[in-house]
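Fold and geometry: a report
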Amino acid sequence: MKNSLPAMILIFAAILFLVPSVSLAQSQGEGVLVERYVSISPYGLVYVWDSLKKVPPGSSFELEIPGSIYSNLKHLDVSGATLSGQEVRDGQHYYKLVAESEEVVIRHIYSGLVAGRGGDSYMITAPSTPFFIGVNYSSNIFIQLPNGAQVQNVPPGFTLNETMLIQRAAKHATLEPQTVSFSFTSTAVQLMVAERLTL
């Protein structure tokens, strides 16, 4: 029994050494989990909250903003990662990030994406599928409309749960970041013009 004790200690130590490696391999195989929450304020501002989990610390990746709505971007900040630069390539805007932890949150605010169509009817063009480069991921998308809002035509790929549009396991349909456009009615929206916003 005494002779077997050192061997057992060595085996236990080896298991402890291997566990982080196995966990890392599993997380890399599964990919990063991304959830995008989009909400529309009563003033017509569009808030986007990207939550990334299982990000390998120290890894570098890029967030691409659709060129069609980049001029509407009024604010962007990051937690859990360092914003290391910004670049424009082929008309698309890229934010370069270096992960500091396994969970990264990116917050952006847009104005001018909600347009009045007369009465209580509005049209919105919002970021849809998150577009990241340099990381393997799957994403869920949640678009929260103002209280009491009604959607005339649910966008393809989405389901409607009261005032929330949901798309799970979203995949890229193109090699460029995507937006989604749809109309809705609401008595809770009062559009405003914003030049610069902070959280």
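The present account deals with the structure reproduced in this document. (Residues numbered from 1 in each chain as written. Predicted model: local features only at pLDDT ≥ 70, side-chain atom pairs only at ≥ 80, totals over all residues. Heavy atoms only, no water.)

1. Section: empty space enclosed by the protein
Our working definition: Cavities and pockets are found on a 1 Å grid laid over the protein atoms alone: a cavity is a set of points where a 1.4 Å probe fits but cannot escape, a pocket is an open set with protein on both sides within 12 Å along at least five of seven lines, and a lining residue has an atom within 4 Å of such a point. Grid points are joined across faces, edges and corners, and a volume is the space filled by probe spheres set on the points. Strands are runs of DSSP state E lasting at least 2 residues, helices are runs of H or I lasting at least 4, and numbering of each runs from the N terminus. Side-chain classes follow a simple rule in which Ala, Val, Leu, Ile, Met, Phe, Trp, Tyr, Cys and Pro form the nonpolar group, Asp, Glu, Lys and Arg form the charged group, and the remainder, Gly included, forms the polar group.
Scanning all chains against the criterion turns up one cavity of 30 Å³ or more. What the largest cavity holds in volume is close to 40 Å³. Those elements giving two or more residues to the lining of the largest cavity turn out to be β3 (60-65) and β7 (104-110). Split into classes, the residues belonging to the lining of the largest cavity amount to six nonpolar, four polar and two charged.

2. Points about the pairing of strand β11 (residues 137-144)
Operational definition: When accessible area is computed with a 1.4 Å probe and restricted to protein chains, residues below 20% of their type maximum are described as buried, those above 50% as exposed, and intermediate ones as partly exposed. If DSSP finds at least two bridges between two strands, the strands pair.
Where burial is concerned, most of β11 is hidden: six out of the eight residues are buried. Looking at chain direction, strand β1 (residues 32-40) and β11 are connected through eight bridges and run parallel. Its bridge partner being in β11, Ser39 is matched across the sheet by Gln144. Relative to strand β14 (residues 164-170), β11 is paired through five bridges, and the arrangement is antiparallel. Looking at β14, one finds that Gln144 is bridged to Met164.

3. Observations concerning the pairing of β7
For β7, a buried count of seven out of seven residues is recorded, marking the element as mostly surrounded by other parts of the structure. Residues of β7 alternate between two faces, with Val104, Ile106, His108 and Tyr110 on one and Val105, Arg107 and Ile109 on the opposite face, all of them buried. Summarising the sheet, strand β2 (residues 46-53) and β7 pair through seven bridges and their orientation is antiparallel. When the bridges of β7 are listed, Trp49 appears paired with Arg107. Relative to β7, strand β4 (residues 73-79) is paired through six bridges, and the arrangement is antiparallel. Looking across to β7, one finds that Leu76 is bridged to His108.

4. Here we look at the packing of aromatic side chains
Spelled out, the test is: Two rings belonging to Phe, Tyr or Trp (six-membered ring only in the last case) form a pair when the distance between their centres is within 6.5 Å. Interplanar angles under 30 degrees mark stacking, angles over 60 mark edge-to-face geometry, and anything in between is tilted.
Tallied over the full model, the rule gives five aromatic pairs. With 5.5 Å between their ring centres and 85 degrees between their planes, Phe132 and Tyr137 make a pair best called edge-to-face. Classification of Phe132 by relative accessible area gives buried; the value is 5%. On the basis of relative accessibility, which here comes to 12%, the residue Tyr137 falls in the buried class. Taken together through their ring pairs, the aromatic side chains of Phe61, Phe132 and Tyr137 make up a single cluster.

5. Re the sheet that holds β1
Adjacent strands of a sheet pair through backbone hydrogen bonds, lying either parallel or antiparallel. As a reminder, the rule being used: Axes here refer to lines fitted to C-alpha atoms; in helices the fit is confined to the stretch in contact. Angles between the N-to-C directions go from 0 to 180 degrees.
Strand order in this open sheet of seven strands is β4-β7-β2-β1-β11-β14-β13, and the pairing throughout is mixed. Two strands bound the open sheet, and with one partner strand each, they are β4 and β13 (159-161). Pairs of neighbouring strands in the sheet enclose a mean axial angle of 15 degrees, with direction left out of account.

6. Brief notes about the nonpolar core
Defined as follows: Buried Ala, Val, Leu, Ile, Met, Phe, Trp, Tyr and Cys residues form a nonpolar core when they are joined through side-chain atoms within 4.5 Å.
One finds Leu52, Phe61, Val104, Ile106, Phe132, Phe182 and Phe184 to be the most contacted residues of the largest nonpolar core, which totals 42 residues. No other element matches β1, which puts four residues into this core.

7. Describing the sheet that holds strand β8 (residues 114-116)
Across the sheet, which stays open at both edges, the four strands sit in the order β8-β9-β15-β12 with antiparallel pairing between neighbours. In this open sheet, the two strands that pair with only one neighbour each are β8 and β12 (150-151). As paired elements, β8 and strand β9 (residues 121-127) share three bridges and run antiparallel to each other. Following the sheet pairing, Val114 is matched in β9 by Ile124.

8. Overview of the pattern of salt bridges
Selection criterion: Each reported salt bridge corresponds to a side-chain nitrogen of Lys or Arg within 4 Å of a carboxyl oxygen of Asp or Glu.
Counting across every chain of the model gives five salt bridges. Between Asp50 and Arg36 there is a salt bridge; the shortest N-O distance is 2.6 Å. With Asp50 in strand β2 and Arg36 in strand β1, this pair connects stretches of sequence that are 14 residues apart. According to the relative accessible area criterion, Arg36 is buried, its value standing at 3%. Across the salt bridge formed by Lys96 and Glu87, the nearest N and O atoms sit 2.8 Å from each other. The class of Glu87 is partly exposed, set by a relative accessible area of 27%. Each member of the salt-bridge network shares a partner with another, and the members are Glu62, Glu87, Arg89 and Lys96.

From the geometry alone we can't say anything about function, so treat these as descriptive.
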